[in-house]
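Examining the three-dimensional arrangement
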Amino acid sequence: MGGPLSEEELTLYDPALLLSLDFFRSPAKFNPRISAAVPGESWLKVRPLQSGDFHRGFLQILSQLTKVGDVSLTQFLNRFAQMRASGDYYVTVIVDTRYDKIIGSATLVLERKFIHGCATRGRLEDVVVDDTYRGKQLGKL
């Protein structure tokens, strides 16, 4: 599934953010315990969306959720750059490293508000796990 990628692949956000999350304080119950750092299988990796993920099946995994449409590599990279520049999008993917293939994704969008004292709220959207990988608690991550 993967194609040739440049060494300078960009991430949508800092990967250290994922490793700093305390999954055990979450209201979601994980049995067995899993986290972004230890997603349950040694060949799974949880990380931010990367600029090369067009070639790893990112749009194909989204198509298991809804209609994606025809998105070119140029469109993907332009949207990626816009989302990265805004700092308000946290698209997280799960990769099966055996095949270099994206098998899950979720998006956290920050909404900056005037109400509630200029609060920031987050919305979790576009949560999807490849149908052949379901039942491993990956959607909870």
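Analysis parameters
Residues numbered from 1 in each chain as written. Predicted model: local features only at pLDDT ≥ 70, side-chain atom pairs only at ≥ 80, totals over all residues. Heavy atoms only, no water. Helix = DSSP H or I, 4+ residues; strand = E, 2+ residues; numbered from the N terminus. Rg over C-alpha atoms; globule rule 2.2 N^0.38 Å. Buried < 20%, exposed > 50% of the residue type's maximum accessible area, 1.4 Å probe, protein only. Contact = heavy atoms within 4.5 Å. Areas by Shrake-Rupley, 256 points an atom, 1.4 Å probe, with all protein chains shown as cover. Lys, Arg positive; Asp, Glu negative; His and termini not counted. Charge placed at Lys NZ, Arg CZ, Asp CG, Glu CD. UniProt positions renumbered as here; feature names shortened; annotations may be inferred. Pairing = 2+ DSSP bridges. Axes fitted to C-alpha atoms, helices over the stretch in contact; angles between N-to-C directions. Salt bridge = Lys/Arg side-chain N within 4 Å of Asp/Glu carboxyl O.

Attention now moves to the overall build of the protein chain. Regarding its fold elements, the protein chain presents four helices and four strands. Across the protein chain, helices and strands are ordered from the amino to the carboxyl terminus as α-β-α-α-β-β-α-β. Against the globule reference of 14 Å for 141 residues, the protein chain gives a C-alpha radius of gyration of 15 Å, in line with a compact fold. Taken along the three principal axes of its C-alpha coordinates, the protein chain extends 45 × 35 × 30 Å. Expressed as a percentage of the 141 residues in the protein chain, the buried residues total 36%. Once local pairs closer than 6 in sequence are excluded, the contacts in the protein chain between residues at least 24 apart make up 62%. Summing over all exposed atoms, the protein chain offers an accessible surface of approximately 8800 Å²; the carbon and sulfur share of this is 52%. Mean positive and mean negative side-chain charge positions of the protein chain (18 and 16 charges, respectively) differ by 7 Å.

With that settled, the discussion passes to the UniProt feature "domain: N-acetyltransferase" (unreviewed entry) in the protein chain. Here, UniProt's "domain: N-acetyltransferase" (unreviewed entry) annotation points to residues 85–140. Secondary structure content for residues 85–140 is 11% helix and 54% strand, and the end C-alpha separation is 27 Å.

Right, let's talk about the sheet that holds strand 2 (residues 89–96) for a bit. Spatially, the four strands line up as an open sheet ordered 1-2-3-4, and their pairing is antiparallel. Among the strands making up the open sheet, the edge pair consists of strand 1 (44–48) and strand 4 (120–129). Looking at each pair of strands side by side, their axes are set apart by 15° on average, direction ignored. In this sheet, strand 3 (residues 101–112) lies alongside strand 2 in antiparallel orientation, the contact comprising eight bridges. Looking at the pairing, Val-95 lines up with Ile-102 of strand 3.

Below, the discussion takes up the pattern of salt bridges. Counting across every chain of the model gives ten salt bridges. One salt bridge in this structure joins Asp-100 and Arg-56, with 2.9 Å as the shortest N-O distance. Of the two residues, Asp-100 sits in the loop between strand 2 and strand 3 while Arg-56 sits in the loop between strand 1 and helix 2 (58–62), which places them 44 residues apart along the sequence. Judged by its relative accessible area of 29%, Asp-100 falls in the partly exposed class. On the accessibility criterion, Arg-56 (7% relative accessible area) is buried. Residue Arg-123 pairs with Glu-125 through a salt bridge whose shortest N-O separation is 3.0 Å. Overall, Arg-123 belongs to the partly exposed group, its relative accessible area being 36%. Several salt bridges share partner residues, and in doing so they unite Glu-9, Arg-47, Asp-53, Arg-56 and Asp-100 into one network.

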